[in-house]
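Observations on the model geometry
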Number of protein chains: 6
Amino acid sequence: MLLHHSTWQEIDAYLTRSKAIIIPIGSTEQHGPNGLIGTDALCPEIISHEAQKDADMLVGPTFNVGCAQHHLGFAGSMTLRPSTMIAAIHDWVSSLAVHGFERVLFFNGHGGNIATINAAFSEIYADRSLAGDASNRGPVKCKLDNWWDYKPVMDMCMKTYGKSHGSHATPSEVAVTQWAYPDSIKQAEMSPQIAPNGRYTDAADYRAKFPDGRMGSDPSLATPEDGGKLVALSAKGLQESFAKFAAS
Amino acid sequence: MLLHHSTWQEIDAYLTRSKAIIIPIGSTEQHGPNGLIGTDALCPEIISHEAQKDADMLVGPTFNVGCAQHHLGFAGSMTLRPSTMIAAIHDWVSSLAVHGFERVLFFNGHGGNIATINAAFSEIYADRSLAGDASNRGPVKCKLDNWWDYKPVMDMCMKTYGKSHGSHATPSEVAVTQWAYPDSIKQAEMSPQIAPNGRYTDAADYRAKFPDGRMGSDPSLATPEDGGKLVALSAKGLQESFAKFAAS
Amino acid sequence: MLLHHSTWQEIDAYLTRSKAIIIPIGSTEQHGPNGLIGTDALCPEIISHEAQKDADMLVGPTFNVGCAQHHLGFAGSMTLRPSTMIAAIHDWVSSLAVHGFERVLFFNGHGGNIATINAAFSEIYADRSLAGDASNRGPVKCKLDNWWDYKPVMDMCMKTYGKSHGSHATPSEVAVTQWAYPDSIKQAEMSPQIAPNGRYTDAADYRAKFPDGRMGSDPSLATPEDGGKLVALSAKGLQESFAKFAAS
Amino acid sequence: MLLHHSTWQEIDAYLTRSKAIIIPIGSTEQHGPNGLIGTDALCPEIISHEAQKDADMLVGPTFNVGCAQHHLGFAGSMTLRPSTMIAAIHDWVSSLAVHGFERVLFFNGHGGNIATINAAFSEIYADRSLAGDASNRGPVKCKLDNWWDYKPVMDMCMKTYGKSHGSHATPSEVAVTQWAYPDSIKQAEMSPQIAPNGRYTDAADYRAKFPDGRMGSDPSLATPEDGGKLVALSAKGLQESFAKFAAS
Amino acid sequence: MLLHHSTWQEIDAYLTRSKAIIIPIGSTEQHGPNGLIGTDALCPEIISHEAQKDADMLVGPTFNVGCAQHHLGFAGSMTLRPSTMIAAIHDWVSSLAVHGFERVLFFNGHGGNIATINAAFSEIYADRSLAGDASNRGPVKCKLDNWWDYKPVMDMCMKTYGKSHGSHATPSEVAVTQWAYPDSIKQAEMSPQIAPNGRYTDAADYRAKFPDGRMGSDPSLATPEDGGKLVALSAKGLQESFAKFAAS
Amino acid sequence: MLLHHSTWQEIDAYLTRSKAIIIPIGSTEQHGPNGLIGTDALCPEIISHEAQKDADMLVGPTFNVGCAQHHLGFAGSMTLRPSTMIAAIHDWVSSLAVHGFERVLFFNGHGGNIATINAAFSEIYADRSLAGDASNRGPVKCKLDNWWDYKPVMDMCMKTYGKSHGSHATPSEVAVTQWAYPDSIKQAEMSPQIAPNGRYTDAADYRAKFPDGRMGSDPSLATPEDGGKLVALSAKGLQESFAKFAAS
Ligand code: NI
Ligand code: NI
Ligand code: NI
Ligand code: NI
Ligand code: NI
Ligand code: NI
């Protein structure tokens, strides 16, 4: 069930069955020579939309632009400052709390978002912790799942790509978008075949160290077929995680 | 051309041809008995994605949650505070400016966003106006188009729906989403047939005055066929407006 | 009745009769060769002070500096960032709500303020919409009237100045200040007689397009006599609008 | 010379003679049984406008609402949060700096503003101190003068009112507004004749300790004649202070 | 009793005896040729820790970095923007209020903090003043004491150092740190023997006027012995002030 | 070398040898029946101060209050909102950058800080990434080390405490403070011997699940002797990590 494709009466009805919702959250940033700029937002969107097809789950709008200041050296990358992202997540969750939602699962597609999403959770919880009983808003619990972190997904990544998986512009995330958007599959030579690894700070530093944008990966290994398998595995992980969280 | 479906190298190439980009921007809020909660985000997304199919236009990610505090009395509605929305739009445009984008057209689907989007433009311009020449960021021009404001679109709305068009949960916007998402067409009785009109302030006030969420409209008149026509008309309007803006 | 010229006991008494108040709001920005920098703040101040002379209306302090980043290319212009202006309007209205004011009419003298004032209203309403019943502050309704928007005022402007009215540094607003401050009437040649029209973004862009600061106007047509008539017409419009709003 | 009553060309000319400007700054808050709510904004406005009549001084718009949270227990009082006030003062000064103003004298009428105005100065200076040479904005120096702090003014207050002067709703400030606005002179019994003194925190605390709003004063001693003398003394003090500051 | 050296059960017990706490607050900034960069944080920490040894007083963590933008021209100086400092003090006090603390005495070591600390108090009080009764947080009273402001301390400073005391990098504050940290006593020639006095704005301005960082002082007069006496006098002042405040 | 115990001239000299600095960062929060409220700030302070005794390292002031909203159910706990903490860390690092520091190692004592510290790093880097070359501030690299994360430290914890180590109010952190502050060693029964484990959200939720504040630990195992060993191991880890980071 997609919030965007539902009426408010349908959400009223859903709330009698469940107080839980999923928010796909990602980033808009370069993903190397054959990865889409939307990869990190598209992956959780694709997987969560797939997951809700055969489970009673509500999926909200996709949070499209995240924390990606380090990718701004590459055209098309966009970022929020972390302080802006915290304010926005705060407002999204506060809105949902008005309706009685008590479990908000952020289904994430971007490693660079993790710190800020967790900081946003603390910002939200601090409202109640600092106010005592004054707020009429009920307690909301938030949870962060990365789409790749369910064990079967990680197992398949390691088994399929091994040392070519890397950490940015990975073959697995490219594969997921290839499966969902076959018309947007890109061909590109990788040079070197496996990108360098390392640490980075700001955008200039990142671009200097990772000239084509990849980190540690060979995304030319991606295939739409593997993408489909990853989607299925991750969707199943999300269904289980969501059910458990909703019942907690 | 969709930013989310492109690589950074493709955006580099696009920037040699054009410095302009479109950002679909909407809202996540109740749209009456048969309107989708995502209507205001979906409409500009649908139309802009259609428009870029036969024109050299770049469409960025959709800004999904806008200013909708007055709809929070209906389940599923979400809002940003205006101050949060200004910060987010500021960061989106600042990111694009880093890459050399100089024209950002916000293609809007929600009347309640207009004030805050314009305020955000002033916030962005103030960076340069207050700093003198110190900022290295080039001058960016922003523009706001509402998808329904092109003359042929408005003409069709008035001709097709007349007094039943109203101003929230209109048959035209419902029609657009029906055309794009036929599987999500909802059936609902409208009572009264045409919803009341009026002014409102906060969520409690809005709910008291507009019990099913509609304002002045009879969205049961919506058909996917008319939706398709509206999409075509608005997409053409957007192509022309964008071309003119890009060349300005 | 002027808040600034009253005691708190007089306001206590007023609140037993009415929960409504007017806030004149304007801008401090260049107004061409013969317009005063304070024009946009002075006009609503002049008119509202006139209006309260023969009606039971309370007028608060004037909000003197508004959104005028685009005028910063001309000496003496001042601006708030929209985010600052929203915070300030929020605090003004929150203060008034403490005393039981439930209707705040912002009487505006500057087109560039409209978006941000409306955004500020949403920011204020969002406090209640997001908090449910928790806030002890009662519901406040805000309204924005531009001094020139009452029909008889607009009619006189069009009839008296026609194509020479323009949109910034207009003869009508110059006339209003000439009537109120005859010692500050300025003489200046207009070249060209009618200033150019167009769109603008930041301060450098504005100055390049509108070299003497005017937009589309010939303010040399202003006379103190016409100013007096405009004040009378607008004051009457304000009295009617306020009475209706207070009773709503 | 009043900024609000000048054209931008006149300010351009002034800037060739001086880089200094005065901003009257006050508060909108109860002033006891016979003091006007606008007293703290009116006093610096009255005095600075008087001072500029026979000296080459530029006076900007009045900053009308200041830090007065402790007065919110009395009807009509208004406040900015200190953080809002800092942001607003920052924007006012930044705007003036764009035009080349290098000395901004805040001429203050409210003791409760002093801390926040000084904090705002540090906020402004921190822009340059933290940025090194990057900002193109020139260095601006800010100064705070309270209208009552010039020695001859204080001497007259002590000599005329002695122990009845107090610290809020003083006879001296009431006298200044009586001189300027004789039509708004209020008659009220003072009981006790001299109000209590003490410390306070929030609005409820203040109201409990100072039931009619006064602190330590007997403002029934105020006369418009003494007000005129105080205005003359303070205006002279301001002229000297401004000249010295402008030349520094 | 030190908060940092206590368990929560011990604080629970303390709260049955007293609702009052001390927060040492200072700055991290240059203190001339022989003064430690931590001087302004160390002094209130040293004195308050000494004071609590023979009195039932609770001392919280030291607020180490304050408002010192004007010292950024000297290596090692650190600052918060005043707006950041207000937010931080707000959060510290809000946290303490959750536990039932009702008196928070900020024991200050830096003149440059005074304005911002007082502004922060207003920011905190405004929460209640603007919210009416809605907040569940009880009323908190805050107080600011400078360690040097108790009369016996000031008397000793004047008597011991006279015209060599000055206002920054004073012999008294250097003496206090020498007594507490004898291993960190520095030797340095003072040239001129007594530093210049004056006003300052930003960091560049300060460095130009006060080349070695001192203002009006000759800190070579400092001795650890005098430091010990000053600590004793100020600790006694703090004990008395705290007792009175706690009982208020 | 301690920044707080140095003169600015000594920091000038240090900067000719190294551009790197350590900031101990912790939290002020309950640590169970025998843990000090200051534990998380004291541990990194103790260890870093120890480490700099025999290495050329500069240690700045301790950041005492961190992200601890979930501990506010226990008396004495204090928190910053994450947005406040980001602003403060931003200002600390910006200040250091003015002096030419290019490597800032945050040496952390609190797991709950990790997300927000990393978000703060992104906020800092975003200044440069969004501004292009405009800022005069040089590039700063930040790094986060937790005192317990060096392998020999973790090995000793696991070997010494095994399943009794837990994750909050651990015997290792209690041991470190016992070694440094033997006068503050507390005796308390643990019941149950090993505290429960689990996830938590806000303060009420945490208190309900962890009634005495501990998570998964038996801190009665702590001894000052083991504390001394842990300090030595962690100090060595910090020396190596700092040297590597400074040279990077
Ligand atoms: Ni990715
Ligand atoms: Ni709509
Ligand atoms: Ni105007
Ligand atoms: Ni006053
Ligand atoms: Ni000092
Ligand atoms: Ni700990």
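Everything quoted here is computed from the prediction, not taken from an experiment.

Before going further, it helps to spend a moment on the coordination of the nickel ion (ligand 6). Residue and element names in this part refer to chain F. For the nickel ion (ligand 6), the full set of protein donor atoms is H31 (NE2), D40 (OD), D40 (OD) and E173 (OE), and the range of their distances to it is 1.9 to 2.8 Å. Metal-centred angles of 51 to 137 degrees between the four donor atoms at the nickel ion (ligand 6) mark the site as irregular. As a motif over one chain, the donors of the nickel ion (ligand 6) read H-x8-D-x132-E. Of the two residues, D40 sits in helix α2 (residues 39-51) while E173 sits in helix α6 (residues 171-180), which places them 133 residues apart along the sequence. Note on D40: relative accessible area 2%, which makes it buried.

With no contact between them, chain A and chain D keep their nearest C-alpha atoms 17 Å apart. At no point do chain B and chain E touch; the closest pair of C-alpha atoms across them sits 17 Å apart.

Residues and elements named next belong to chain E. Strand order in the open sheet made by the three strands is β1-β2-β3, with parallel pairing throughout. The sheet terminates laterally at β1 (20-25) and β3 (141-146), the two strands that pair on one side only. Across the sheet, the mean angle separating the axes of adjacent strands is 20 degrees when strand polarity is ignored. Looking at chain direction, strand β2 (residues 103-108) and β3 are connected through six bridges and run parallel. Bridge pairing links F106 to L144 in β3.

Here we come to the relation of the copies chain F and chain E. The transformation that overlays chain F on chain E combines an axial shift of 0.0 Å with a rotation of 180 degrees, and the residual RMSD is 0.0 Å. In symmetry terms, the pair is related by a two-fold rotation axis. Nearest to the rotation axis, the C-alpha of T84 of chain F is located 3.5 Å from it, this being the minimum over chain F. When the interface residues of chain F are mapped onto chain E, 100% of them are again interface residues, pointing to one common binding face.

So, about the nonpolar core. Grouped together as the largest cluster of nonpolar side chains are 390 residues, with contacts concentrated most on I89 of chain A, I89 of chain B, I89 of chain C, I89 of chain D, I89 of chain E together with I89 of chain F. Excluding its chain neighbours within four sequence positions, the residues that come into contact with I89 of chain C are I25, F63, F106, I117, A120 and I124 of chain C.

Residues and elements named next belong to chain D. Strand order in the open sheet formed by three strands is β1-β2-β3, and the pairing between neighbours is parallel. The sheet is open, and its two borders are formed by β1 (20-25) and β3 (141-146), each paired with just one other strand. Within this sheet the neighbouring strands show an average axis-to-axis angle of 20 degrees, counted without direction. Along the sheet face, helix α2 (residues 39-51) touches β1 and β2 (103-108) and points at about 150 degrees away from the line of β1.

The subject of this paragraph is the packing of α2 of chain F against helix α8 (residues 224-247) of chain F. All names here are of chain F. The geometry of α2 relative to α8 is characterised by a closest axis approach of 8 Å and an angle of 65 degrees between their N-to-C directions. The angle between α2 and α8 falls in the class roughly perpendicular. Our pair here, α2 against α8, has a crossing hand that is right-handed. The segment α2 lies against α8, with I46, I47, S48, E50 and A51 engaging V231, S234, A235, L238 and Q239. Here the contact of α2 with α8 is built from residues that sort into six nonpolar, three polar and one charged.

Our focus in this paragraph is the pattern of salt bridges. By the definition in use, this model includes 78 salt bridges over all chains. Its salt-bridge partner being K229 of chain C, residue D226 of chain C comes within 3.8 Å of it at the nearest N-O pair. With D226 of chain C and K229 of chain C both in helix α8 (residues 224-247) and three residues apart, the pair spans about one turn of that helix. The partly exposed category is assigned to K229 of chain C, whose relative accessible area is 49%. A salt bridge links R128 of chain E to D202 of chain D, with the nearest nitrogen and oxygen atoms 3.3 Å apart.

This part is about the interface of chain A and chain B. Each side of the interface is counted separately: chain A has 50 residues, and chain B has 50 residues. For the pair chain A and chain B, the summed buried area comes to about 4,100 Å², and 62% of that belongs to carbon and sulfur atoms. On the chain A side of the interface with chain B, the three residues burying the most area are H4, H5 and W8 of chain A, jointly 19% of the side's total. A salt bridge links R81 of chain A to D91 of chain B; the shortest N-O distance between them is 3.7 Å. Taken together, the links from chain A to chain B amount to 26 residue pairs in polar contact (both at pLDDT 80 or more). Those elements that provide at least two residues to the side of chain A that touches chain B are α1 (8-17), α2 (39-51) and α3 (82-98) of chain A. Broken down by class, the residue content of the side of chain A that touches chain B amounts to 23 nonpolar, 20 polar and seven charged.

The next subject is the interface of chain F and chain E. Between chain F and chain E, the residue contacts involve 50 residues of the former and 50 residues of the latter. At the boundary of chain F with chain E, total buried surface from both sides reaches about 4,100 Å², with 61% on carbon and sulfur atoms. When the buried area of chain F at its contact with chain E is split by residue, H4, H5 and W8 of chain F rank highest and sum to 19% of it. In this structure, the salt-bridge partner of K186 of chain F is E10 of chain E, at a minimum N-O distance of 2.9 Å. In this assembly, chain F and chain E are joined by 26 residue pairs in polar contact (both at pLDDT 80 or more). Of all the elements, helix α3 (residues 82-98) of chain F adds the most residues to the side of chain F that touches chain E, at eight residues.

All names here are of chain B. Looking at the nickel ion (ligand 2), the protein donor atoms are H31 (NE2), D40 (OD), D40 (OD) and E173 (OE), and they sit 1.9 to 2.8 Å from it. Every donor counted, the four donor atoms about the nickel ion (ligand 2) form angles of 52 to 138 degrees at the centre, which fits irregular coordination. One chain supplies every donor for the nickel ion (ligand 2), spaced along it as H-x8-D-x132-E. Here the two residues H31 and D40 agree in accessibility, since each one is buried.

Here we come to the pairing of strand β2 (residues 103-108) of chain C. Regular strands show a simple pattern: their side chains alternate between the two faces of the sheet. Of all six residues in β2 of chain C, six are buried, a share of seventy percent or more. Here β2 of chain C shows a buried face lined by R103, L105 and F107 of chain C and a second buried face lined by V104, F106 and N108 of chain C.

Cut-offs used in this document
Residues numbered from 1 in each chain as written. Chains lettered and ligands numbered in written order. Predicted model: local features only at pLDDT ≥ 70, side-chain atom pairs only at ≥ 80, totals over all residues. Heavy atoms only, no water. Donors = N, O, S within 2.8 Å, 3.2 Å for Na, K, Ca; no water. Tetrahedral: all angles 85-135°; square planar, octahedral: opposite > 155°, others 65-115°. Helix = DSSP H or I, 4+ residues; strand = E, 2+ residues; numbered from the N terminus. Buried < 20%, exposed > 50% of the residue type's maximum accessible area, 1.4 Å probe, protein only. Contact = heavy atoms within 4.5 Å. Pairing = 2+ DSSP bridges. Axes fitted to C-alpha atoms, helices over the stretch in contact; angles between N-to-C directions. Least-squares fit on C-alpha atoms with pLDDT ≥ 70 in both. Core = buried A, V, L, I, M, F, W, Y, C linked by side-chain atoms within 4.5 Å. Parallel < 35°, antiparallel > 145°, perpendicular 65-115°, else oblique. Left-handed = near helix turned anticlockwise from the far one by under 90°. Nonpolar A, V, L, I, M, F, W, Y, C, P; charged D, E, K, R; others polar. Salt bridge = Lys/Arg side-chain N within 4 Å of Asp/Glu carboxyl O. Buried area = accessible area lost by both parts, 1.4 Å probe. Polar contact = N/O pair within 3.5 Å; in protein donor to acceptor, adjacent residues only side chain to side chain.

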